[in-house]
Amino acid sequence: MPRMTINGRPVEFDLDPDMPLLFALREAANLTGTKNGGANFDDGGSTCECGACTVLVDGAALRSCRITLAEAEGRFITTIEGLSRDRSHPVQQAMVAEQAIQCGFCTPGIVMAAAGLLSRNPAPERSEIEEAIQNDCRCGVFPRLMSAIERAARVSQRQESISAAPAPAIDTKDAAEAVPALRVVPDPEGPGS
Ligand code: FES
Ligand code: FES
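In this report, the structure presented in the accompanying data block is examined. Because the structure is predicted, anything quoted here is derived from the model rather than measured.

Cut-off values and rules
Residues numbered from 1 in each chain as written. Chains lettered and ligands numbered in written order. Predicted model: local features only at pLDDT ≥ 70, side-chain atom pairs only at ≥ 80, totals over all residues. Heavy atoms only, no water. Salt bridge = Lys/Arg side-chain N within 4 Å of Asp/Glu carboxyl O. Helix = DSSP H or I, 4+ residues; strand = E, 2+ residues; numbered from the N terminus. Buried < 20%, exposed > 50% of the residue type's maximum accessible area, 1.4 Å probe, protein only. Axes fitted to C-alpha atoms, helices over the stretch in contact; angles between N-to-C directions. Parallel < 35°, antiparallel > 145°, perpendicular 65-115°, else oblique. Left-handed = near helix turned anticlockwise from the far one by under 90°. Contact = heavy atoms within 4.5 Å. Nonpolar A, V, L, I, M, F, W, Y, C, P; charged D, E, K, R; others polar.

## Quick notes on the pattern of salt bridges
Okay, so step 1: On inspection of all chains with the given rule, the structure shows seven salt bridges.
Okay, so step 2: In this structure, the salt-bridge partner of D58 is R75, at a minimum N-O distance of 3.3 Å. Here R75 lies in the loop between helix 2 (69-72) and strand 5 (76-78) and D58 lies in the loop between strand 3 (54-57) and strand 4 (60-63), a separation of 17 residues in the sequence.
Okay, so step 3: Ionic pairing is found between E160 and R151, a salt bridge with its closest N-O pair at 2.6 Å.
Okay, so step 4: Looking at E160, the relative accessible area reads 24%, which means it is partly exposed.
Okay, so step 5: Residue classification places R151 among the buried positions, given a relative accessible area of 18%.
Okay, so step 6: Three or more residues joined by partner-sharing salt bridges are found here, namely E98, R151, R154 and E160.

This is the structure in structure tokens:
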């Protein structure tokens, strides 16, 4: 049974070793932040080119539909859920600050590809970013994505700072205090009514 470390936790999959890692992450480990943009289990996932399934394997960005559980044996996998607990990674902060997210389907894969790029090349040229981020985005925010990754590089090198992105699962009431357009309507059935 293939064993590996996912987001810092040692795990063992009681699954076909030929299964692409993508399917084990999503269907068995419930790590659905890693997206499937068109990989099929039957063909080993090898025909898709979208990059939505990108994770870090021993720190390098790889498409999880292209690596089997057997190939992932003994390796350290990081998914979008494990990149930071509070969305404080510079790429995540810059994505929010640059409003580089539309539907968000491509975002986890691009964040992981960018995180992998910055870990091996902290100050990439625009051409190096374009070469490294070969992910599809159907929402047309690629120019903002590129700007966000350049900004993330500056943040990583402490040339710039960004206030942290909102923490996950923020309470609606707290969000309403931070977002002027949002108001929490009192529940007419609630206490005190
Ligand atoms: S799902 Fe892996 S490249 Fe598209
Ligand atoms: S933000 Fe929708 S696919 Fe990229």
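Still more ground to cover, so stick around.
## Focus: the packing of helix 4 (residues 90-97) against helix 7 (residues 142-156)
Okay, so step 1: Where helix 4 contacts helix 7, the axes come no closer than 8 Å and their chain directions differ by 135°. In terms of their interaxial angle, helix 4 and helix 7 are classed as oblique. Considering how the two elements wind past one another, helix 4 and helix 7 form a crossing that is right-handed. Seen from helix 4, the contacting residues are P90, V91, Q93, A94, M95 and A97; seen from helix 7, they are L145, A148, I149, R151, A152, V155 and S156.
Okay, so step 2: Looking at the contact of helix 4 with helix 7, its residues break down into 10 nonpolar, two polar and one charged.

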